[in-house]
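Structural characterization, general
So you can see what is in the structure, the chains are spelled out below.
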Amino acid sequence: MKITFLGTGTSQGIPVITCGCEVCQSDDARDKRLRVSVLLETADKTIVIDSGPDFRYQMLRAKVKDLDAIVYTHEHKDHVAGLDDIRPFNYLLKKNIDIYATLRVQEALKKEFSYIFAEKVYPGVPQINMHTVTGEPFSIGNTEFIPLDIMHYKLPILGYRINDFTYITDAKTITQASVDKIRGTKILVVNALQKEEHISHFTLEEAISFAEDIGAEMTYFTHMSHNLGKHADIEVELPSNIRLAYDGLQIEL
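To start, this report covers the structure provided alongside it. (Residues numbered from 1 in each chain as written. Predicted model: local features only at pLDDT ≥ 70, side-chain atom pairs only at ≥ 80, totals over all residues. Heavy atoms only, no water.)

Some words on the pairing of strand β12 (residues 187-191)
To keep things clear, this is the line we draw: Think of it in three bands: with a 1.4 Å probe and only protein chains considered, a residue is buried below 20% of the maximum accessible area for its type, exposed above 50%, and partly exposed in between. The secondary structure listing takes helices from DSSP runs of H or I that are at least 4 residues long and strands from runs of E that are at least 2 residues long, numbered from the N terminus. Between any two strands, at least two bridges found by DSSP are needed for them to pair.
With five of its five residues buried, β12 lies for the most part within the structure. Every second residue of β12 is oriented toward a common face, with I187, V189 and N191 on one face and L188 and V190 on the other, all of them buried. Pairing of strand β10 (residues 165-167) with β12, which is carried by three bridges, proceeds in the parallel orientation. Along β12, the bridge assignment pairs T166 with L188. Of the strand pairs in this sheet, β12 and strand β13 (residues 218-222) are connected by five bridges, and their pairing is parallel. Residue pairing in the sheet places V189 in a bridge with Y220 of β13.

The structure is reproduced here in structure tokens:
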């Protein structure tokens, strides 16, 4: 499986509009972060986890020519806003896109994109096949997804373990049952928003502690804000098996 980080930033991305901080003004390409998303290319499917506001540009930048499914972690705008931009895949590939989401996320999508679900369908709207995610594992093609219960402050959201790859974003607390499901993973991706305490996201210290507890061969941090600091400065502070992800980073598993 090939994994491509499409976006590694928080809800505002980096640079933040109007911000003059050293991170937002950095010339290091690794400090330019679109909203968080990841592309999974398996032997038989092309899958995206979360389609945020930058989805269209992410597809163009990564030269994605096919898409089979989008899997959602939760309904916040920085994770779902790009759903409308699946339309070229519908039109040019002549297929519907499979959407995997909990019932609560589905209700949010119906409010945000009511025209997709309207009884009288307007020509050219996104064409989807909706699949309900529960707490049980499910498969997309030959690849199994194991949902992980995560708390984003008081909002229950999902992470996913996919074979030996685990993807978690927007976590503040993680249930013991989910930790047990994660153990043994080779590649862990988890959010590390900033150094200062935050009500709904892991801090850098919390993310490091969690990564060390899991003990994956390699951990990558994602969903980072400009408050975390410059990529080059933060990486030297990290253990050797923990790195900051960046937009465009690819790993094979």
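On we go.
Thoughts on helix α6 (residues 204-214)
Where we set the bar: This arc describes the spread of directions from the helix axis toward the C-beta atoms.
Among all positions in α6, only L204, A207, I208, F210, A211 and I214 are buried. With its buried residues spanning 165° around the axis, α6 presents them on a single face. Counted as exposed and oriented over 90 degrees from the buried face of α6: E205 and E212. Phi turns positive, to about 70°, at G215, one or two residues after α6.

Some details on the sheet that holds strand β6 (residues 128-132)
What counts, and what does not: Axis definition: a line fitted to C-alpha atoms, limited for helices to the stretch in contact. Angles are taken between N-to-C directions and run from 0 to 180 degrees. Residues are treated as being in contact if the distance between any of their heavy atoms lies within 4.5 Å.
Pairing is mixed in the open sheet, where seven strands are placed in the order β6-β5-β4-β3-β2-β1-β15. The outermost strands of the open sheet, each flanked by one partner alone, are β6 and β15 (250-252). Geometrically, the sheet is characterised by an average inter-axis angle of 20° between neighbouring strands, direction not taken into account. The sheet contact formed by strand β2 (residues 37-41) and strand β3 (residues 46-49) spans four bridges and is antiparallel. Its bridge partner being in β3, L39 is matched across the sheet by V48. Each of β5 (97-101) and β6 touches helix α4 (residues 103-112); the most contacted strand, β6, lies at about 150° to it.

Some thoughts on the nonpolar core
The test is simple: Nine residue types can take part in a nonpolar core, namely buried Ala, Val, Leu, Ile, Met, Phe, Trp, Tyr and Cys, and a core is a set of them joined through side-chain atoms within 4.5 Å.
By size, the foremost hydrophobic cluster in this structure holds 27 residues, and its most contacted members are I168, I174, L188, L204, F210 and F221. Secondary structure elements with two or more residues in this core: β8 (143-152), β9 (155-162), α5 (176-182), β12, α6 and β14 (242-244). Top element by residues in this core is α6. It accounts for six residues. With residues up to four places along the chain from it excluded, the contact list for L188 reads T166, I168, I182, F210, A211, I214, A216, M218, T219 and Y220.

Coordinates in, geometry out; function isn't part of it.
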